[in-house]
Amino acid sequence: MARTFVVERRAYALTGPTLVAMALLTVVPIVVVISRAASAEGRAIAGSLLGSSQFHQILGRTGIWTVVSVVGAMVIGFAAALILQSGHVRWPGLWRGILMVPWIIPGVVGATIWKWGYSSTYGLLNHALVSLGLIDQPVQWLSNPEIVLYALAAVQVWSTAPFVMLLLGAALTSIPGERYEAARLDGAHAVGLFRHITLPAVNATAAIATLMLVTFALNAFTIIWVSTAGGPVGASTILPVELYRAFQNGDDTTVAVIACVQLLISAVFALIYVRSIKAGDE
Amino acid sequence: MTAVTAPRRRKLRQPGTRIVVWLGLAVILLWTLAPITTMVFTSFKPATEIFTIPPTLLPDEWTLDNYVTVFTASSMPEALRNSIVVGLIVALLTLTLGTSAGYALARLRFRGARSISLFILLGQMIPLTVLLLALFQMITAIGFHDTVLGVAFAHLVITLPLVTWMIRNQIVAIPYELEEAAMIDGCSRMDAVLYAVLPVAGPGLAAAGMFAFLQSWHEFVLASVLTRSGQSRTAPIALTEFSSEFDVDWGATMAASVVLTVPLVIAFVALQRYLVNGLTGGAVKG
């Protein structure tokens, strides 16, 4: 008994500093935000804000943004991982390194260079599309309210797809080659191999990658803020951007209310995360 | 054995699949590299060439003017220095805290270990904007607003969860017998960890520290509210201020973007193996 006690004391001493730091940086701010939102003023603001159609639009946009960015990154990242793993490509390590760059680049830099590429008069994207005859005249990627959210989601996809490639690539490597060979001997074809061997093997990793992407998308701020600051006319304003704007205006109570909404949404995904870890333990 | 190798040979001989795979790779490479090459080439264009219609990818005349502007006539050098200082503080604090906690979570059996790991890991799921207001108020209250220390302290919320977990996984992978052997030879547990475990974990710890540095180097939203002047403003914030400073000098902006990116790419190439293992280990094993 005495020995366990000593070990426990030592364990708490070793983990203590990290726990205190994390508590100061997360628990305290969350308590501050919740208590502010729960005050009389907070409840009044929450009442008018949560019921407003403008806020519903922001929620809707946040949903579209999340779905488009997550699906896009999963598709491109998985495709890249499959291509590099297929055995048909020489120097997979080199290509993998190059394909990782958008993920390594700081968000500010990614947003800045895409903003330049999207420019309607000087941008290479419009120029290339017009030259190829795919469009008649330049698209206003960042100033057309109908397009801007999707154009920015493309930047988010660009910067997060390599993360998917990395995770799924690791999962694909761990599939023993004999499994494919055995199935091929049994007469399975490419589609069958993919459905019955590849997909089941990467399922768990893909679920975690999706969860992480959802978190990235829901927390996304830099790309949108640097490119459009949420405009034009709020067409690219999602929850974190709206919160930041309230912060800049000094509307601390509004900040707290929006933060609580973000917390609620994150809590749902955090719960899924915790359960997936539990399942992985067995 | 012959039956097993036959299908493999057939796979290599499918020209159709090969073409599709290479085509797919080409498309993904174009998608990945187009913005990056634009950034690099634009940074070498003279001011007169940047606003040409139709736009070109390559500069007609190559120049280093934009880099000269960034390093001599902008706030970038100071901001880069701030970013390095913040990054080093973050890496040092994260490694100190993360190694002690990571060691305990990897080696010691104690009540609450599971809840503690969950608590630390869940930190990465909280949106930074949720913490923005309170962190700003707390750091201002202790007088650290607009200081590199204030920014570094806030950045710990991003680095601690993942780095602690990376270190824990690395220590789990080191055989416990190594420590035991040292202790049988008369070392205290502390000595065993210092002289037997840490040297083996060394490269992995360096990668974890580098990872913390990189995350701090990236960070935008917290730094944007916790800094006000040149004495603490980090490089990502300085990059956005370029536009007003130079009347949207795209050449200099692109040069500064390259300057911000190159150290990251070098660090990544050097540490790729460790980072990939650490990240996928944390994510796949949970």
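Above this note sits the structure.
K.L.:
Please set out the side chain of B:Asn66 residue by residue, giving values where relevant.
P.N.:
All names here are of chain B. Assignment of secondary structure puts Asn-66 in helix 4 (residues 65–72). Asn-66 gets classed as buried once you look at its relative accessible area, which sits at 5%. At a separation of 2.7 Å, a polar atom in the side chain of Asn-66 contacts the main-chain carbonyl oxygen of Ser-43. Contact partners of Asn-66, with chain neighbours within four places excluded, come to Thr-42, Ser-43, Phe-44, Lys-45, Asp-249, Gly-251, Ala-252 and Ala-255.

K.L.:
Got a sec to walk through the environment of B:Ser43? Specific residues and values, please.
P.N.:
All names here are of chain B. In this structure, Ser-43 sits in helix 2 (residues 15–43). Between the alpha carbons of Ser-43 and Leu-133 there is a distance of 37 Å; along the sequence they are 90 residues apart. Discounting residues that sit within four places of it in the chain, Ser-43 has contacts with Thr-63, Asn-66, Tyr-67, Gly-251, Met-254, Ala-255 and Val-258. Side-chain polar atoms of Ser-43 contact the backbone oxygen of Val-40, separated by 2.6 Å.

K.L.:
Any chance you could break down the side chain of A:Thr222 for me, citing the residues and the numbers?
P.N.:
Tracing the backbone shows A:Thr222 in helix 10 (residues 222–227). Apart from the residues lying within four places of it in its own chain, the contact partners of A:Thr222 are A:Gly107, A:Val108 and B:Phe220.

K.L.:
Just give me the short version of empty space enclosed by the protein, but keep the residues and values in it.
P.N.:
Counted under the stated rule, the structure contains four cavities of 30 Å³ or more. Computed from the structure, the largest cavity encloses a volume of approximately 1,300 Å³. Forming the walls of the largest cavity are 50 residues, and the residues nearest its centre are A:Trp103, A:Phe216, B:Ile158, B:Gln215 and B:His218. Top element by residues in the lining of the largest cavity is helix 7 (residues 148–173) of chain A. It accounts for six residues. Residue composition of the lining of the largest cavity, grouped by class: 34 nonpolar, 15 polar and one charged.

Conventions adopted
- Residues numbered from 1 in each chain as written.
- Chains lettered and ligands numbered in written order.
- Predicted model: local features only at pLDDT ≥ 70, side-chain atom pairs only at ≥ 80, totals over all residues.
- Heavy atoms only, no water.
- Helix = DSSP H or I, 4+ residues; strand = E, 2+ residues; numbered from the N terminus.
- Buried < 20%, exposed > 50% of the residue type's maximum accessible area, 1.4 Å probe, protein only.
- Polar contact = N/O pair within 3.5 Å; in protein donor to acceptor, adjacent residues only side chain to side chain.
- Contact = heavy atoms within 4.5 Å.
- 1 Å grid on protein atoms, 1.4 Å probe; cavity = no way out; pocket = protein on both sides within 12 Å on 5 of 7 lines; lining within 4 Å.
- Points joined across faces, edges and corners; volume = space filled by probe spheres on them.
- Nonpolar A, V, L, I, M, F, W, Y, C, P; charged D, E, K, R; others polar.

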